[in-house]
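# Topology and contacts: notes
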Amino acid sequence: LDVAKILGGYLEEKLGIHVVYTRTEDRFVELHERGRVANAAEGKLFISLHANAIEGVTARGTETYFLGQHKTEAARRVMERENRVVNLENNSGQYEALDEEKLVRYALMQSANMRQSQFLASLIEEQFEERVNRKSRGVKQAGFQVLWEASMPAVLVELGFLTHSNEARFLASENGKVYLASAIFR
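Note that the structure is predicted; figures quoted are calculated from it, not measured. (Residues numbered from 1 in each chain as written. Predicted model: local features only at pLDDT ≥ 70, side-chain atom pairs only at ≥ 80, totals over all residues. Heavy atoms only, no water.)

### As for the overall build of the protein chain
Inclusion rule: We count a stretch as a helix when DSSP gives it H or I for four or more residues in a row; a strand needs E for two or more, and each element gets its number in order from the N terminus. Per-residue accessibility, obtained with a 1.4 Å probe over protein chains only, is compared with the maximum for each type, and a residue is labelled buried under 20%, exposed over 50%, and partly exposed between these values. Contact criterion: two residues are considered in contact whenever any of their non-hydrogen atoms come within 4.5 Å of each other.
Of regular secondary structure, the protein chain possesses eight helices and four strands. In sequence order, the secondary structure elements of the protein chain are arranged as α-α-β-β-α-α-α-β-α-β-α-α. For the protein chain, buried positions account for 44% of its 186 residues. Within the protein chain, contacts between residues separated by at least 24 positions form 79% of all contacts whose residues are at least 6 apart in sequence.

### Remarks on helix α1 (residues 2-15)
Which entries qualify depends on this criterion: Here the expected span of a helix is defined as 1.5 Å times the quantity of residues minus one.
When the terminal C-alpha atoms of α1 are compared, their 19 Å separation across 14 residues agrees well with the 20 Å that a helix rising 1.5 Å per residue should span. Every buried residue of α1 is accounted for by Val3, Ile6, Leu7, Gly8, Gly9, Tyr10 and Leu11. Elements that come into contact with the buried residues of α1 comprise β1 (46-52), β4 (154-161) and α8 (174-185). Backbone geometry just after α1 places glycine 16 at a positive phi near 70°.

If you want it as structure tokens, here you go:
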């Protein structure tokens, strides 16, 4: 949330872009609602920021995803972990009908946005690596619930791993938050 607010401030102050947040305080917003907020605001770009976690303490680095079918087993595992948050939603049954076939249809409908999303994802990862000296785990495709609803170019950014002690410290630090926001802004 802190990184999102810093990034939003840069976009508003330096570019005069109106930023719409799905939340401004530390509270849960249902996955389907996040894309709907962007659509209702007639957003031109959707960026979903996350902190990663995994069993074991050695995984580290950033990843940026765009909507599509996961191409690797690792991307599938991250997608499943991220999508599990629907269990916190009031009506988690609404997602039961979403399967691989529906994901393919969504991806086809989003194909015009997909190229732009992939391009943005690659620019973000490049900035993380070159300007912030972060380990990039690359640009990946996956069927994240949070990206399905957005009808504009959309990316999900994993800022780092909370389960890696050095990354957790970096993500919690003021400098880390500013560097990450600045990289996404650039």
